Amino acid sequence: MIYSRIAGTGRYLPDRILTNADLEKIVDTSDEWIISRTGIEQRHAANEDEFTSDLCVNAARNAMESAAVSPSDIDMLFVGTTTPDLIFPNIATIIQHKLGIPALPCYAIEAACSGFVYALSSADKFIRCGEAKKILVIGAEIITRLVDWEDRNTCVLFGDGAGAVILEASSNPGVLSTHLGADGQYQKLLYYPVGASTNLAAAGTADASIMMSGNDVFKVAVRTLSEVAKEALNTNKLSLEDLDWFIPHQANLRIIQAAAKKLNMPMEKVIQTVQIHGNTSAASIPMAFDVGVRDGRIKRGQLVLFDAFGGGFTWGAVLLRY
Ligand code: UT7
């Protein structure tokens, strides 16, 4: 039986940091409001000359180094992102070329904040069926480019970054199970109104920015994150006590706390980075995982649950033994 396991992790955050005090100068907000409603203290924002693929390349190099693999060892590439460099070619091909990886299948997956979990789940299947042995899986975003910097409802929430893992074939599990879902009836609660075939002329104007009904998103996010987490544990006949680390999508500290409460999960088992990263969409889970691995909290053999939720709505969980 072939399983997949995470061999190495990496992350990259742009140098530029925007604190809540910086945002107080741009919109009518306060450090007190942002922290009490979201937990966010700062976020990173890419400079104009940085593209999402640049963030990915740095995170990927980090992950390859920690897994001790070289570009020629990689035989497939998956990238979850909502903010690719271009409409085409797909961002994974751009990253493949920048990293000097020999030609290979390149997948870009758009599932908003669930993008990394969708990508990881897909990569796991290719390894299990024997079609690939080492896959580079990235979640990345320059989501600050989609934000209206005059809209205090959204501009305080988001940040940029990239997280990456090397997934490799193994005779021991690794990834125990993956659980994906989506329901397009919720599109209007969270979306970006410009695409290749819709409203393209509005790109770059004030009409092009993230549209969000924050309260409604909040409620569905809490419910869905707890439901899919339970589904992952039940499938494997495991309980919350068995779990060492819970890594939910980092959108809002209150969402994370509410989901953890619904699951009876002590906050000590929850990796939290939203305070310093903001909501980095598809990058949030792999970056939080890398933080926990590199600071020594997450150890080999421990049971970890990734739990994602995002626009669509899309959602997904991955239960794994690190
Ligand atoms: O990855 C998934 C993507 N999105 C999310 O997960 C977002 C989910 N939703 C949330 O995180 C929260 O709903 C928000 C943080 C967006 C908002 O928090 P809230 O506690 O739901 O606040 P609210 O929307 O009910 O707004 C309360 C008040 C409003 O004023 P009035 O109408 O009561 O006078 C807002 O205008 O807070 C006001 N407000 C702000 N005030 C200061 C909204 N944004 C700000 C701000 N600074 N940045």
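Residues numbered from 1 in each chain as written. Predicted model: local features only at pLDDT ≥ 70, side-chain atom pairs only at ≥ 80, totals over all residues. Heavy atoms only, no water.

A few points about the sheet that holds strand 4 (residues 76-80)
What counts, and what does not: At least two DSSP bridges between two strands are needed for those strands to be called paired. The way it works is that DSSP assigns letters per residue, a run of H or I at least four long becomes a helix, a run of E at least two long becomes a strand, and they are numbered from the N terminus. Lines fitted to C-alpha atoms define the axes here, with helix axes fitted over just the stretch in contact, and angles between the N-to-C directions of these axes take values from 0 to 180 degrees. In what follows, residue pairs with any heavy atoms lying within 4.5 Å of each other are defined as contacts.
On the basis of which strands lie adjacent, the open sheet formed by five strands has the order 1-7-6-4-5 and mixed pairing. Two strands lie at the open edges of the sheet, namely strand 1 (3-12) and strand 5 (106-109), each paired on one side alone. Each strand of the sheet is rotated relative to its neighbour by a mean of 20°, with strand direction disregarded. Here strand 1 runs beside strand 7 (residues 161-170); their pairing, made up of nine bridges, is antiparallel. Among the inter-strand pairings, T9 is bridged to a residue of strand 7, identified as V165. Against the sheet, helix 5 (residues 115-128) touches strand 1, strand 4, strand 5, strand 6 (134-141) and strand 7, its axis set at about 170° to strand 6. Across the face of the sheet, helix 10 (residues 284-294) comes into contact with strand 1, strand 6 and strand 7 while running at roughly 90° to strand 1.

Quick look at the packing of aromatic side chains
The condition that has to hold: Pairing of aromatic rings covers Phe, Tyr and Trp, the last counted by its six-membered ring, and requires centre-to-centre distances within 6.5 Å; plane angles under 30 degrees mean stacked, over 60 mean edge-to-face, and any other angle means tilted. Buried, partly exposed and exposed residues are distinguished by accessible area as a fraction of the type maximum, computed with a 1.4 Å probe on protein chains only: under 20%, between the cut-offs, and over 50%, respectively. Here, a charge over a ring means that NZ of Lys or CZ of Arg falls within 6 Å of the ring centre while also lying within 35 degrees of the ring normal.
Scanning the entire structure with this criterion turns up eight aromatic pairs. Arranged with centres 5.6 Å apart and planes meeting at 50°, the rings of Y107 and F126 form a pair that is tilted. Here F126 lies in helix 5 and Y107 lies in strand 5, a separation of 19 residues in the sequence. By relative accessible area, Y107 is classed as partly exposed at 34%. Ring centres of Y186 and F313 lie 4.9 Å apart, and the angle between their planes is 20°; on these two criteria the pair is classed as stacked. Here Y186, found in the loop between strand 8 (175-182) and strand 9 (190-191), pairs with F313, found in the loop between strand 12 (303-310) and strand 13 (314-321); they are 127 residues apart in sequence, far enough to count as distant. Through a chain of ring-to-ring contacts, three or more aromatic side chains come together here, namely F116, F289, F306 and Y322. Looking at K188, its charged tip hangs above the ring of Y191, at a distance of 4.8 Å from the centre. Sitting over the face of the ring of Y322, R300 holds its NZ or CZ atom 3.8 Å from the ring centroid.

Observations concerning the nonpolar core
What counts here: Only buried residues count toward a nonpolar core. Its members are Ala, Val, Leu, Ile, Met, Phe, Trp, Tyr and Cys residues joined through side-chain atoms within 4.5 Å.
Within the largest apolar cluster, 43 residues are counted, with the highest numbers of intra-cluster contacts made by L243, F246, M265 and L305. Listed by contribution, the elements that provide at least two residues to this core are helix 7 (214-235), helix 8 (253-262), strand 12 and strand 13. Grouped together as the second largest cluster of nonpolar side chains are 33 residues, F126, F289, V304 and L320 included.

Re the site of the ligand
Quick note on the threshold: Consider each residue's heavy atoms; a residue with any of them within 4 Å of a molecule or strand counts as near. Polar contact is defined as a pair of N or O atoms within 3.5 Å, subject to the rule that within protein one atom must be able to donate a hydrogen and the other to accept it, and that residues adjacent in sequence are counted only when both atoms are side-chain atoms. Every accessible area reported is derived by Shrake-Rupley at a probe size of 1.4 Å, with residue values counting cover from the shown protein chains alone. The classification used treats Ala, Val, Leu, Ile, Met, Phe, Trp, Tyr, Cys and Pro as nonpolar, Asp, Glu, Lys and Arg as charged, and all other residues, Gly among them, as polar.
Looking at the ligand, there are 22 residues lining it, with T29, R37, R152, N215 and N252 nearest. Here R254 contributes a side-chain N or O atom positioned 3.2 Å from an oxygen atom of the ligand. The contact in question runs from an oxygen atom of the ligand to an N or O atom on the side chain of N279, over 2.9 Å. When the free accessible area of the ligand is taken as 950 Å², the share hidden by the protein chains comes to 75%. Its residues assigned to classes, the shell around the ligand shows 10 nonpolar, eight polar and four charged.

Side note on the sheet that holds strand 8
Within the open sheet, the four strands sit side by side as 8-13-12-11. Their pairing is mixed. Every other strand in the sheet has two partners, leaving strand 8 and strand 11 (245-248) as the edge strands with one partner each. Along the sheet, successive strands turn relative to each other by an average axial angle of 10°, direction set aside. Here strand 8 pairs with strand 13 via seven bridges, running antiparallel. Bridge pairing in strand 13 links G181 to W315.

Describing the packing of helix 7 against helix 8
Here is the rule: Geometric relationships in this document are graded by angle, where less than 35 degrees denotes roughly parallel, more than 145 denotes roughly antiparallel, 65 to 115 denotes roughly perpendicular, and other angles denote oblique. A clockwise turn of the near helix away from the far one marks a right-handed crossing, whereas an anticlockwise turn of less than a right angle marks a left-handed crossing.
Interhelical geometry of helix 7 versus helix 8 gives an angle of 40° and a closest axis separation of 9 Å. In terms of orientation, helix 7 and helix 8 fall into the oblique class. Considering the relative orientation of helix 7 and helix 8, their crossing is right-handed. Contact residues: helix 7 offers F218, A221, V222, R223, L225, S226 and K230, while helix 8 offers R254, I255, A258, A259 and K262. Grouping the amino acids of the contact of helix 7 with helix 8 by side-chain chemistry returns seven nonpolar, one polar and four charged.

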